[in-house]
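Residue strings, one per chain:
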Protein chains: 2
Amino acid sequence: MRAIKNADRSRLIKAAMGEIACDLCVRNIKLLNVFTGDIYSAEVDVLDGVVVRVREEGEEALLPAAEYFDGEGRYLIPGFIDTHMHVESTMMIPENLSRAILPWGTTTICTDPHEIGNVMGLEGIRFMLENAKRSELRQYVLAPSCVPSVPGKEGAGAVFGAEEVGELLDMEGVIGIAEIMDYIGVYNDSPRMHSIIDEGIKRDMYLQGHAPNVRGSELAAYRIGGPESDHESNNGDEVRAKLRAGMHINLRSSSLSGRLNYLVEGCRDLRWKDYVSICTDDVHARDLLTVGHVNNVVKMCIDLGLEPIEVIRMATLNPAREYGFKDLGAIAPGYAADMQLVDNLDGGRPYAVFMGGRLIAKEGRYLGKDKPEGGMSFPNTVNIPQIRSAEDFRLRVPEGHKGDTITVNVLKPNEDNAKYKGLKPMELPVKDGCVDISGHPELCFVASVNRYGSGDMSIAVFADFGLLKGAMASTVSHDSHNLTVVYKDAEDAYKASMELKACGGGVCAVCGDFKDVLELPAGGLMSTETCETIAPHVDALKASIDKITDGTVKVLATAVISLPVVPGYVITDMGIVNGVNQEFAPVFSENM
Amino acid sequence: MRAIKNADRSRLIKAAMGEIACDLCVRNIKLLNVFTGDIYSAEVDVLDGVVVRVREEGEEALLPAAEYFDGEGRYLIPGFIDTHMHVESTMMIPENLSRAILPWGTTTICTDPHEIGNVMGLEGIRFMLENAKRSELRQYVLAPSCVPSVPGKEGAGAVFGAEEVGELLDMEGVIGIAEIMDYIGVYNDSPRMHSIIDEGIKRDMYLQGHAPNVRGSELAAYRIGGPESDHESNNGDEVRAKLRAGMHINLRSSSLSGRLNYLVEGCRDLRWKDYVSICTDDVHARDLLTVGHVNNVVKMCIDLGLEPIEVIRMATLNPAREYGFKDLGAIAPGYAADMQLVDNLDGGRPYAVFMGGRLIAKEGRYLGKDKPEGGMSFPNTVNIPQIRSAEDFRLRVPEGHKGDTITVNVLKPNEDNAKYKGLKPMELPVKDGCVDISGHPELCFVASVNRYGSGDMSIAVFADFGLLKGAMASTVSHDSHNLTVVYKDAEDAYKASMELKACGGGVCAVCGDFKDVLELPAGGLMSTETCETIAPHVDALKASIDKITDGTVKVLATAVISLPVVPGYVITDMGIVNGVNQEFAPVFSENM
């Protein structure tokens, strides 16, 4: 596969032969050659965005270049390639993301527009592809494979079967199938996953995996099923087992996940690391402003003891080969001139970044377009006719229930693993036909409201969330991105819902007359603002949330309690779901 | 790209999950994992020719297999992949070649049917593809890029332009463009090479290179032109320069070329060797009987000091990745069960070879089909109407030449490099209007006779060939494979020609009533016999040749004096050609 399309090969050949002048010569540099691991003095000639020649010491240019850039003795390394990320997690649209990550040296991203796919279906993915064209960053898309994550257990804005995935794979800029998360479906050979993967195989495209804790016979079956990579291992043994099975391991460190040390452990003593690459998965705007992007994972890997040259290869050539790109990830004749000048091989912020031979960032400053094109209008995707008043947020006891109390299955963090929720039956008072939690400061309500017009919603009781008063609501809520509301007070829940309905989605905190809304009009997932605007707003919202919580609650805490593939109990618009066996559980205990 | 077609993925998944029994379990082995470099005890389960699971110690099979093979503690490694070879050089047709090389552990070959392409065009390549289907060996074909090697300087049986190459690339089993030898055409961007390479690029196919001594600006231009690999370097520096330019280096050791030590030198100290693989290029039948195939190059690389595990990867996983195969070159779930059991990691003859999970050779003995299918009939490709009598082999002086002598441009080995021929003017007697070499024991005649019906032929004088009497003739004569005859006596030349015309081509030695003919009826290049029959016949022919030569003349000595891309003077059916600038030189010196 070639990233460079429509290059005039004849011009490039002539430039290499010294018959026509180059656009740019980057000189006075130490080149890191990612094919050989050599570092040497060189000058790099570029024409039409392509490297035409790397001249080593003693090799003179045959013609002067139109422009020179003095590297002042710095290292020149290829731009970084992110093997797996969700643009939506940054809360930026592709056009704005480009401005944020190019200064950190990332020049190519392979994205899973899984979130917008769940909300807006093919239309959403077309938007991502179209909007990405406005950016200088190379943005490739993989077709989301699991929309919705668990059919029949959540109501999403779209359902992708083989037909939709096939249609996506035929779009320009789509280069494979994105993280195949339904690993159970793959190793049990469900017709749905089988037919979706068939679409990738028949086009000979890359099949990205996602298989936490999958080992032994299941891992072999998953591998045979098609997926070629994984970024979800939980320890070094798991990494090693997957490498032995021929999978590419994507070392991930995201704003959500901090298990990089385990991943690194699995490949530290490897004789060869060419099946290891790097991904960021989910990165938040604040991190993009402060620590960066792929460079930050590079830095962490080096801090964990991997060799810098090896790690840089994991972020450049290895990802390119994983995807089958023949002209990305290296600085050599015929390769895209995506390059960065760095002071040290340590993942620090690059001094300068070249994108297709054009200086696109210097000393952290983005030098591309003055401002985003903007001007997009988005359909309001928050369609919640079932919410007419605060009454709709009250948890009513079943018809015919007698007595002053009722036993409720409370969602509660497991003692052994606070991350996943168990169900604990609790006897709670009944007041005016509704469950009353007023005597339980540790409890709140949680509602999952279908926002695609189905009218579904469910309400449950949640323990130890940290909410003290008011309500938090979010239309970012993996993976169906229904409206999730966590609340003490039904009035506040209603107000929060109406706020998000009005602006087309976002995240908000409400308490009486107080409100703070982060508007995310693009599918209820992304802002149209740039990173510099979003990050402080997220910080401000965090401060607002702190006012109504015990201070431990993250801005996106409401975004991660609806995903029925995580092992634990979650709530979707259809009810409480056990993520282990993906079966429903009742809100009220059986022995009520 | 996947080698395994039409596999029932559902069955394989079920087998991995232990729901259906496997065909074969290879147990009691030490597995060399080419992804990680680990060696460990394992059992390998196979179904339908595919590895479904590699169970490490402690992992029990979920169901018993239909059959077990006891590895008796040996190493299990993947079958070898040859990145570049010409089947025709073995003098065997693909079906018979399979029998010869499987016992040496080669399970996949990527071939350049360049010779038969020159003789028979697309029809010849279709024959190779069809005949290969009769073999158990995986045989892939690359489309010959330079037929003929130098248009207008030799008459071949076919001319391939972009259209023919495109037609080839669309055939099943064709996976790229074969060694792009016209490197001058590539770096000078000739329309012919540009359009041929376009066919490969637009299909996103592998482009095999061939660029001896190409460096600096030419190398950059060649690389931009498309070719991705090289097997022709002459020293370690050249290897390193090509690796730095992102080329795959194919370490070659063939029956014709002995420069492996230089190639190894160039990658010995490389940090990473994943862009290095192995090829055999041209291997003769005798070598296939005695030292083997890819295994022999593996052995030589190890003898030259490379690490055995690294070298085995160069002959298995690296070639698979070079071509983009996702299911060859390793022993892992979903990979073709092409495997070999070896006593040591040294390139020695394997104890057992499995092809698609089937035991195909044991202790050097081929266990496939009892005998070749045979039964092919070949068109006689030796069409030489211009040869009517011995008179046609006399070197006549130009009309109107006066005097008893004439100055002839004699083809003569260069003093500094015996391999390539210079031209040396010599004054020779004229007798009956013809050049007379009877007083010069070091001289003989050489004729190149077009064998495709054009009627062209040329005759020159050759020094120091080693012929003492009689004639040698061959229809194997790179690359056009015209009839080349080296002779003292025109009568013997005529007889030799008629012998080869009668049998459809081959190699022969003739002297008076004595004759020895190795018949190669398949295009005048290949026998229909097996390796066991061909090799002794070649030995016998060598003894026959020894009788009419000084003993230094190889059987295929006549095959390498017509190729106008070698740097030196050669003779084609159109005349003497200077291989450096590809211009004609006169047979009689200008000052005659």
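Conventions adopted
Residues numbered from 1 in each chain as written. Chains lettered and ligands numbered in written order. Predicted model: local features only at pLDDT ≥ 70, side-chain atom pairs only at ≥ 80, totals over all residues. Heavy atoms only, no water. Helix = DSSP H or I, 4+ residues; strand = E, 2+ residues; numbered from the N terminus. Rg over C-alpha atoms; globule rule 2.2 N^0.38 Å. Buried < 20%, exposed > 50% of the residue type's maximum accessible area, 1.4 Å probe, protein only. Contact = heavy atoms within 4.5 Å. Areas by Shrake-Rupley, 256 points an atom, 1.4 Å probe, with all protein chains shown as cover. Lys, Arg positive; Asp, Glu negative; His and termini not counted. Charge placed at Lys NZ, Arg CZ, Asp CG, Glu CD. Polar contact = N/O pair within 3.5 Å; in protein donor to acceptor, adjacent residues only side chain to side chain. Pairing = 2+ DSSP bridges. Buried area = accessible area lost by both parts, 1.4 Å probe. Salt bridge = Lys/Arg side-chain N within 4 Å of Asp/Glu carboxyl O. Least-squares fit on C-alpha atoms with pLDDT ≥ 70 in both. Axes fitted to C-alpha atoms, helices over the stretch in contact; angles between N-to-C directions. pLDDT = per-residue confidence, 0-100. Right-handed = clockwise from strand over helix to strand, strands pointing away.

What chain A contains, in helices and strands, is 15 helices and 29 strands. The C-alpha atoms of chain A give a radius of gyration of 25 Å, which matches the 25 Å a tight globule of 592 residues would have. C-alpha atoms of chain A, sized along the principal axes, occupy 95 × 50 × 45 Å. Counting over 592 residues, chain A shows a buried share of 64%. Once local pairs closer than 6 in sequence are excluded, the contacts in chain A between residues at least 24 apart make up 68%. Summed over all atoms, the accessible surface of chain A reaches about 20,400 Å², with 47% contributed by carbon and sulfur. Averaging the positions of the 58 positive and the 85 negative side-chain charges in chain A gives two centres separated by 2 Å.

Residue and element names in this part refer to chain B. Structurally, asparagine 578 can be placed in strand E28 (residues 575-578). Under the relative-accessibility criterion, asparagine 578 is labelled buried at 13%. Taking the C-alpha atoms as reference points, asparagine 578 and aspartate 182, 396 residues apart in sequence, are found 15 Å from one another. The residues contacting asparagine 578, other than those within four sequence positions of it, are Gly568, Tyr569 and Glu583. Among the polar contacts listed, one links the side chain of asparagine 578 to the side chain of asparagine 581, at a separation of 3.4 Å.

Turning our attention to the side chain of B:Asp45. Along the chain, B:Asp45 falls in strand E2 (residues 39-47). The contacts of B:Asp45, once residues within four sequence positions are left out, are B:Cys22, B:Leu24, B:Cys25, B:Val50, B:Val51, B:Val52, B:Arg53 and B:Arg55.

To continue, consider the pairing of strand E27 (residues 569-572) of chain B. All names here are of chain B. In this sheet, E28 lies alongside E27 in antiparallel orientation, the contact comprising four bridges. Across the sheet, residue threonine 572 finds its bridge partner in E28, namely glycine 575. From the end of E27 to the start of E28, which pair antiparallel, there are two residues.

Bringing the interface of chain B and chain A into the picture now. With 65 residues of chain B at the interface, the matching set in chain A holds 65 residues. Where chain B abuts chain A, roughly 5,700 Å² becomes buried across the two surfaces, and 51% of that area is made up of carbon and sulfur atoms. Summed over the three residues of chain B that lose the most area to chain A, namely B:Arg9, B:Arg244 and B:Trp272, the buried surface amounts to 16% of that side. Where chain B touches chain A, the interface holds 20 salt bridges. The partner of A:Asp198 in a salt bridge is B:Arg9, and the shortest N-O contact between them spans 2.7 Å.

For the rest of this paragraph, the subject is the relation of the copies chain B and chain A. Between the two copies, chain B and chain A, the superposition gives an RMSD of 0.1 Å; the rotation angle is 180° and the shift along the axis is 0.0 Å. The transformation just described matches what one would write down for a two-fold rotation axis. Mapped onto chain A, 100% of the interface residues of chain B again fall at the interface, so both copies present the same surface.

This brings us to the pattern of salt bridges. Per the stated rule, a full pass over the model turns up 80 salt bridges over all chains. The salt bridge partner of A:Asp303 is A:Lys299, with a shortest N-O separation of 3.9 Å. With A:Asp303 and A:Lys299 both in helix H11 (residues 294-303) and four residues apart, the pair spans about one turn of that helix. One network of salt bridges, in which partners are shared, links A:Arg2, A:Lys326, B:Asp204 and B:Glu228.

Residue and element names in this part refer to chain B. In space, the three strands of this open sheet follow the order E27-E28-E29, with antiparallel pairing throughout. With one partner strand each, in any of the chains shown, E27 and strand E29 (583-585) form the two edges of the open sheet. Across the sheet, the axes of successive neighbouring strands diverge by a mean angle of 45°, strand direction being ignored.

Residues and elements named next belong to chain A. Strand order in the open sheet formed by three strands is E11-E12-E13, with parallel pairing between adjacent strands. The outermost strands of the open sheet, each flanked by one partner alone, are strand E11 (229-230) and strand E13 (276-279). Pairing geometry for strand E12 (residues 248-252) and E13, over four bridges, is parallel. When the bridges of E13 are listed, arginine 252 appears paired with cysteine 279. Each of E12 and E13 is contacted by H11, which is oriented at about 130° to E13, the strand it contacts most.

A separate point is the confidence of the model for chain A. On average, residues of chain A score 95 in pLDDT, and 99% of them are at 70 or above. The ipTM, which scores confidence in the relative placement of chains, is 0.94 for this predicted complex, and the corresponding pTM is 0.95.

Below, the discussion takes up H11(A). Residues and elements named next belong to chain A. Across the 10 residues that make up H11, a large majority, seven, are buried. Among the residues of H11, those classed as buried are Val294, Asn295, Asn296, Val297, Val298, Cys301 and Ile302. Of the surrounding elements, those touching the buried residues of H11 are strand E6 (80-85), strand E7 (106-111), E12, helix H9 (260-267), E13 and helix H12 (308-314). In the segment just after H11, glycine 305 is the residue with positive phi, at about 105°.

With that settled, consider the pairing of strand E13 (residues 276-279) of chain B. The alternating pattern of E13(B) places B:Val276 and B:Ile278 and B:Ser277 and B:Cys279 on opposite faces, both of which are buried. In terms of handedness, the path from strand E12 (residues 248-252) of chain B via helix H9 (residues 260-267) of chain B over to E13(B) forms a crossover that is right-handed.

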